[in-house]
Amino acid sequence: MTGWTEEHVPRLADGTLAVVTGANTGLGLHTTRVLARQGATVVMACRNEEKAAAARRSLVGLGIEPTRLRTAPLDLADQESIARFTEDLPDERVDLLINNAGLMAVPRSRTADGFETQFGVNHLGHMALTLRLLPRLNATPGARVVTLTSMGHRPGRIRLDDLNFEHGRYNRWIAYFQSKLANMLFAAELARRNEGRGALSLAAHPGYAATELGKDTGVQARVLSLFDRVAAQPAAAGAWPTLRAATDPAARNGTLYGPRRLAFGPAGPETPSRTARRHALAAQLWDLSLELLSAAKVEDPLR
């Protein structure tokens, strides 16, 4: 099949449990809608509990069964919050982990643990969450981890000697591109290291979709909103690559899915950038990331 939309998502097995980060808006909300509509119970893991509750109500209003939607607090900028989320998650099985939440081109700032915010949330937060849930994922037949990257991974470069932009001038877009390349490298390295142990690792990017990323305040928000009105596809279409990675029975470990027409349209397999295919770089990033996460007692279950 060359193109995939939400209409191709199969009915999911009874008892399927999905965790979707950033499920209260944009891509995460539409991913949640379709997975729940097709039979999954979805844990909507969100930083803002009020927004999560409002998003849940909106989905119930669309006819989604309330029992298929659960909300849980998760702040990917705080390693303690990530640990609490995984400890409080009562389910022994996890079928799908959708690493969807993210930040784009935000001003210079630090997470609760001192990481540059975009690298800390987009990459380190999701890596910590994945590794904490990986034993449950590997124990669940057919489980998958889907990590969201973006077209921004292509110009991205990994600053191995300064991952957290502690030296020199900070550029919000360079930091964003690094975090998205890190997402791609993490998904690929997880696929290699976890091969044959259980869960598949896949990646997805939405192309150019209208979401709330990068639109908190200021001139940047106004410019992005203008471009969205003129050129972007709806967030519902931007979720199609994620849904294909999560549910296509033919999906293979390590695959990246994106829109078939460059930045728009139905989802299909895509070749990552040359940098994202550097196995040695992915391994280096994995090891450096574990060092950064060691203070939060994040362990590597694949060692």
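Our subject is the structure listed above.
Here's what I pulled together on the structure shown here. (Residues numbered from 1 in each chain as written. Predicted model: local features only at pLDDT ≥ 70, side-chain atom pairs only at ≥ 80, totals over all residues. Heavy atoms only, no water.)

Our next topic: the nonpolar core. Val19, Phe85, Leu137, Ile158 and Trp286 are the most contacted members of the largest nonpolar core, which totals 48 residues. Elements that contribute at least two residues to this core include exactly strand S1 (17-21), strand S2 (41-46), helix H3 (79-88), helix H4 (117-138), helix H5 (172-193) and helix H9 (279-293). With ten residues, H4 is the largest single contributor of residues to this core. Apart from residues lying up to four places away in sequence, Ile158 is in contact with Leu163, Gln178, Leu181, Ala182, Leu185, Leu281 and Leu285. Trp4, Leu35, Ala36 and Ala52 belong to the second-largest nonpolar core, a separate cluster that totals 35 residues. (Core = buried A, V, L, I, M, F, W, Y, C linked by side-chain atoms within 4.5 Å. Buried < 20%, exposed > 50% of the residue type's maximum accessible area, 1.4 Å probe, protein only. Helix = DSSP H or I, 4+ residues; strand = E, 2+ residues; numbered from the N terminus. Contact = heavy atoms within 4.5 Å.)

Before going further, it helps to spend a moment on the packing of H4 against H5. For the pair H4 and H5, interaxial distance at closest approach is 7 Å and the crossing angle is 20°. Judged by the angle between their axes, H4 and H5 are roughly parallel. For the pair H4 and H5, the crossing hand works out as right-handed. Contact with H4, carried on its side by Gln118, Phe119, Asn122, His123, Met127, Thr130 and Leu134, involves Arg172, Ala175, Tyr176, Gln178, Ser179, Lys180, Ala182, Asn183, Phe186 and Leu190 of H5 and no other residues of that element. Looking at side-chain class alone, the contact of H4 with H5 contains eight nonpolar, seven polar and two charged residues. (Axes fitted to C-alpha atoms, helices over the stretch in contact; angles between N-to-C directions. Parallel < 35°, antiparallel > 145°, perpendicular 65-115°, else oblique. Left-handed = near helix turned anticlockwise from the far one by under 90°. Nonpolar A, V, L, I, M, F, W, Y, C, P; charged D, E, K, R; others polar.)

The end-to-end C-alpha distance of H5 is 31 Å, a good match for the 32 Å that 22 residues give at a rise of 1.5 Å each. Taken across its 22 residues, H5 has 16 buried, putting it largely inside the fold. Where H5 starts, the residue carrying a side-chain oxygen 2.9 Å from the main-chain nitrogen of Trp173 turns out to be Asn171. (Expected span 1.5 Å × (residues − 1). Polar contact = N/O pair within 3.5 Å; in protein donor to acceptor, adjacent residues only side chain to side chain.)

Taken as a whole, this structure holds one cavity of 30 Å³ or more when the rule is applied. Here the largest cavity defines a volume of roughly 30 Å³. Every residue lining the largest cavity is listed: His123, Met127, Leu185, Phe186, Glu189, Ala282, Leu285 and Trp286. Contributions of two or more residues to the lining of the largest cavity are made by H4, H5 and H9. Residues that form the lining of the largest cavity fall into these classes: six nonpolar, one polar and one charged. (1 Å grid on protein atoms, 1.4 Å probe; cavity = no way out; pocket = protein on both sides within 12 Å on 5 of 7 lines; lining within 4 Å. Points joined across faces, edges and corners; volume = space filled by probe spheres on them.)

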